[in-house]
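Structural overview
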Amino acid sequence: QVQLVESGGGWVQPGGSLRLSCAATGSFSSIYLMAWYRQAPGKQRELVASCTSGGTTDYAASMEDRFTISRDNRKNTVDLQMDRLKPEDTAVYFCSARPRFNSPARFWGQGTQVTVSS
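A brief look at the structure comes next. (Residues numbered from 1 in each chain as written. Predicted model: local features only at pLDDT ≥ 70, side-chain atom pairs only at ≥ 80, totals over all residues. Heavy atoms only, no water.)

1. What to know about the overall build of the chain
Defined as follows: Each helix corresponds to a stretch of at least 4 residues labelled H or I by DSSP, and each strand to a stretch of at least 2 residues labelled E; elements are numbered beginning at the N terminus. Only C-alpha atoms enter the radius of gyration; for comparison, a globular chain is expected to reach 2.2 Å times N to the power 0.38, where N is the number of residues. Residues are treated as being in contact if the distance between any of their heavy atoms lies within 4.5 Å. In these tables, accessible area is a Shrake-Rupley quantity obtained with a 1.4 Å probe, and a residue counts as shielded only by the protein chains included in the view. Charged-residue counts in this description rest on Lys and Arg as positive and Asp and Glu as negative, His and the chain ends being excluded. Here the site of a charge means NZ on Lys, CZ on Arg, CG on Asp, or CD on Glu.
Within the chain one finds zero helices and eleven strands. Traced from its N-terminal end to its C-terminal end, the chain shows the element sequence β-β-β-β-β-β-β-β-β-β-β. Taken against the 2.2 N^0.38 rule, which gives 13 Å for 118 residues, the C-alpha radius of gyration of the chain at 14 Å falls within 12% of a compact globule. Pairs at least 24 apart in sequence give 53% of the contacts found in the chain among residues at least 6 apart. If you sum the accessible surface of the chain, you get close to 6400 Å²; carbon and sulfur atoms cover 48% of it. In the chain, the 13 positive side-chain charges and the 10 negative ones have mean positions that sit 6 Å from each other.

2. Looking at the layout of surface pockets
Spelled out, the test is: Cavities and pockets are defined on a 1 Å grid built over the protein atoms alone: a cavity is a set of grid points where a 1.4 Å probe fits but cannot escape, while a pocket is an open set with protein on both sides within 12 Å along at least five of seven lines, and lining residues are those with an atom within 4 Å of any such point. Grid points are joined across faces, edges and corners, and a volume is the space filled by probe spheres set on the points. Under the scheme applied here, ten amino acids are nonpolar (Ala, Val, Leu, Ile, Met, Phe, Trp, Tyr, Cys and Pro), four are charged (Asp, Glu, Lys and Arg), and all others, including Gly, are polar.
The space that makes up the largest pocket amounts to roughly 180 Å³. As for the largest pocket, its lining consists of Q1, V2, S27, F28, S29, S30, P99, R100, S103, A105 and F107. Considered class by class, the residues forming the lining of the largest pocket number five nonpolar, five polar and one charged.

3. Observations regarding the environment of T57
Examined against the element boundaries, T57 turns out to sit in strand β6 (residues 57-59). Sequence separation of T57 and Q3 is 54 residues, and the distance between their C-alpha atoms is 22 Å. For T57, the contacting residues outside a window of four places in its chain are S50, C51 and I69.

4. A few points about the sheet that holds strand β3 (residues 18-26)
Basically, it comes down to this: Only when DSSP finds a minimum of two bridges between them are two strands counted as paired. Axis angles are defined between N-to-C directions and span 0 to 180 degrees, where every axis is a line fitted to C-alpha atoms and, for a helix, only to the segment in contact.
Strand order in this open sheet of four strands is β1-β3-β8-β7, and the pairing throughout is antiparallel. Either end of the sheet is taken by a strand with one partner, and the two such strands are β1 (2-7) and β7 (67-72). Neighbour to neighbour, the strand axes of the sheet diverge by 15 degrees on average, direction disregarded. In this sheet, β3 lies alongside β1 in antiparallel orientation, the contact comprising six bridges. Each bridged residue has a counterpart across the sheet, and for E6 the counterpart in β3 is C22.

5. Some details on the state of the cysteines
Put simply, the test is: Cysteine sulfur atoms are paired as a disulfide whenever they come within 2.5 Å of each other. Note on classification: 1.4 Å probe, protein chains only; a residue is buried when its accessible area is under 20% of the maximum for its type, exposed when over 50%, partly exposed between these limits.
Per the stated rule, a full pass over the model turns up one disulfide. At a sulfur-sulfur separation of 2.1 Å, the disulfide partner of C22 is C95. Here the S-S torsion is close to -80 degrees, and the disulfide linking C22 with C95 is therefore left-handed. Taken together, the residues C22 in strand β3 and C95 in strand β9 (residues 91-98) connect sequence positions 73 residues apart. C95 sits in the buried class, given a relative accessible area of 0%. Looking at the unpaired C51, the closest cysteine sulfur is the one in C95, lying at 12 Å.

6. Some points on the environment of R71
Formally: N or O atoms closer than or at 3.5 Å make up a polar contact, with two conditions inside protein: a donor-capable atom paired with an acceptor-capable one, and, for residues adjacent in sequence, both atoms drawn from side chains.
The topology assignment puts R71 in strand β7. Taking the C-alpha atoms as reference points, R71 and A91, 20 residues apart in sequence, are found 22 Å from one another. In this structure R71 touches I31, Y32, L33, M34, C51, T52, S53, T77 and V78, once residues within four positions along its chain are discounted. Side-chain polar atoms of R71 contact the side chain of N73, separated by 2.8 Å.

As structure tokens, this is what we get:
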């Protein structure tokens, strides 16, 4: 099992920045893939960014120029730096972990609210 706890969400004005953090604990030796998703009210959950244990990153096309994902394999943490935030970025942001490459098992955090408004 992997337990994930997100932090760093809150309210920010358009154009501002936030940094989200996620810490993983539990019975595992390593985590193959860590990712950030988000879900706005009434909308589908969507991938924001992901990062493998080897450092390979993927971003949603609309995120790559403003968001940056990073992880520390030794500390089992993954961060999401969000810059130039827009009102449409308002959503609950979830941390996700896939421990094994050869297994589809995936674990989710409880989510942290990000609100972008004036």
